[in-house]
Amino acid sequence: MSGEGLDTRFDSAEESPGLLLWQVTNRWQAAQRAALKPYGLTHVQFVLLAALTYLGAEGPVTQKALADQAATDPMMTSQVLRALEGQGLVERRAHPHDKRARALEVTEEGRALANRAVAVVEACDAEFFGLLEGQGEAALPDFTRALRALARR
């Protein structure tokens, strides 16, 4: 059918897992943006602040460890951390064990904001993914398991 349309192996767009994932991701991101707007956080700011709050309970956190935990690009992580630092939510200090690294720490204000925002993010997720609850008992756990497998790629 060259010249008459898209040369695809799918009979309809709804058969393409990549397109469906993109569409769902866009809708989920819009829901998260709306949920986080009252907190003055973008979703990536929330993810890094929450991950740092989580990791920081174990001691000093490097930017690399944070980027690895959040699966974010190191350069983007650095830019977002600068913004969070400018808002007084994160501090960077000399690392106690690695002279080349900086230790990241969440401020009390940052920790409080992360804990308020995580409740809203989790409620948003529950509402968004709640549709899967009506698809059978294992639908949400199976979906989550499939996402974990894809996240490990």
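Residues numbered from 1 in each chain as written. Predicted model: local features only at pLDDT ≥ 70, side-chain atom pairs only at ≥ 80, totals over all residues. Heavy atoms only, no water.

Participant: Which parts of the structure should I look at to understand the overall build of the protein chain?
Facilitator: For the protein chain, the count of helices and strands is 6 helices and 2 strands. Here the C-alpha atoms of the protein chain give a radius of gyration of 19 Å, more than 25% beyond the 15 Å that 2.2 N^0.38 yields for 153 residues. Long-range pairs, those at least 24 residues apart, make up 49% of the contacts in the protein chain with a sequence separation of at least 6. Per element, the accessible surface of the protein chain, about 10600 Å² overall, is 55% carbon and sulfur. Of the side-chain charges in the protein chain, 17 are positive and 20 negative, and the distance between the mean point of each set is 9 Å. (Helix = DSSP H or I, 4+ residues; strand = E, 2+ residues; numbered from the N terminus. Rg over C-alpha atoms; globule rule 2.2 N^0.38 Å. Contact = heavy atoms within 4.5 Å. Areas by Shrake-Rupley, 256 points an atom, 1.4 Å probe, with all protein chains shown as cover. Lys, Arg positive; Asp, Glu negative; His and termini not counted. Charge placed at Lys NZ, Arg CZ, Asp CG, Glu CD.)

Participant: Looking at this structure, how should I read the packing of aromatic side chains?
Facilitator: Inspection of every chain in the model, using the stated rule, returns 2 aromatic pairs. Ring centres 5.1 Å apart and planes at 80 degrees place the aromatic pair F128 and F129 in the edge-to-face group. Looking at F128, the relative accessible area reads 27%, which means it is partly exposed. Each ring, one from F129 and one from F143, has its centre 5.8 Å from the other, and the planes form 40 degrees; the classification is tilted. Separated by 14 residues along the polypeptide, F129 in helix 5 (residues 108-129) and F143 in helix 6 (residues 139-151) bring together distant segments of the chain. By relative accessible area, which is 29% here, F143 ends up partly exposed. Among the aromatic residues, those joined into a cluster by ring pairs are F128, F129 and F143. (Phe/Tyr/Trp six-rings, centres within 6.5 Å; stacked < 30°, edge-to-face > 60°. Buried < 20%, exposed > 50% of the residue type's maximum accessible area, 1.4 Å probe, protein only.)

Participant: Whenever I open this one, the side chain of S16 confuses me. Can you help?
Facilitator: Tracing the sequence through the fold places S16 in the segment before helix 1 (17-36). Polar side-chain contacts of S16 include one of 3.2 Å to the backbone nitrogen of L19. (Polar contact = N/O pair within 3.5 Å; in protein donor to acceptor, adjacent residues only side chain to side chain.)

Participant: Which parts of the structure should I look at to understand the environment of V106?
Facilitator: Among the structural elements, V106 can be located in strand 2 (residues 102-106). Sequence-distant contacts of V106, defined by excluding residues within four places in its chain, comprise L49, L52, T53, L89, V90 and R111.

Participant: Help me out: how do you make sense of the nonpolar core in this one?
Facilitator: One broad trend across soluble globular proteins is that nonpolar side chains are buried collectively. L41, L49, L52, L66, L84, L89 and V90 are the most contacted members of the largest nonpolar core, which has 22 residues in total. Mapped onto this core, the elements with two or more residues apiece are helix 2 (43-56), helix 3 (63-70), helix 4 (74-86), strand 2 and helix 5. For this core, the element with the highest residue contribution is helix 2, accounting for 6 residues. If sequence neighbours within four positions are ignored, L89 has contacts with L41, L49, L84, E105, V106, T107, E109, G110 and L113. (Core = buried A, V, L, I, M, F, W, Y, C linked by side-chain atoms within 4.5 Å.)

Participant: What should I look at first to understand the packing of helix 2 against helix 5 in this one?
Facilitator: The axes of two packed helices give the description: the angle between them and the distance between them. Where helix 2 meets helix 5, the closest approach of the two axes is 9 Å, and the angle between their N-to-C directions is 115 degrees. Helix 2 and helix 5 meet at a crossing whose hand is left-handed. Seen from helix 2, the contacting residues are F46, L49, A50 and T53; seen from helix 5, they are G110, R111, L113, A114, A117, V118 and V121. Residue classes in the contact of helix 2 with helix 5 are distributed as 8 nonpolar, 2 polar and 1 charged. (Axes fitted to C-alpha atoms, helices over the stretch in contact; angles between N-to-C directions. Left-handed = near helix turned anticlockwise from the far one by under 90°. Nonpolar A, V, L, I, M, F, W, Y, C, P; charged D, E, K, R; others polar.)

Participant: What is the right way to look at the environment of G88 in this model?
Facilitator: Relative to the elements of secondary structure, G88 occurs in the loop between helix 4 and strand 1 (90-94). Judged by its relative accessible area of 27%, G88 falls in the partly exposed class. Sequence separation between G88 and D125 is 37 residues; the distance between their C-alpha atoms is 27 Å. With residues up to four places along the chain from it excluded, the contact list for G88 reads T107 and E109.

Participant: Help me understand the confidence of the model for the protein chain in this model?
Facilitator: Should the pLDDT be low somewhere, the predicted coordinates at that spot are not to be read in detail. For the protein chain, per-residue confidence averages 92 on the pLDDT scale, and 98% of positions sit at 70 or higher. Taken element by element, the protein chain is modelled with least confidence in strand 1, mean pLDDT 91, and with most confidence in helix 5, mean pLDDT 97. (pLDDT = per-residue confidence, 0-100.)

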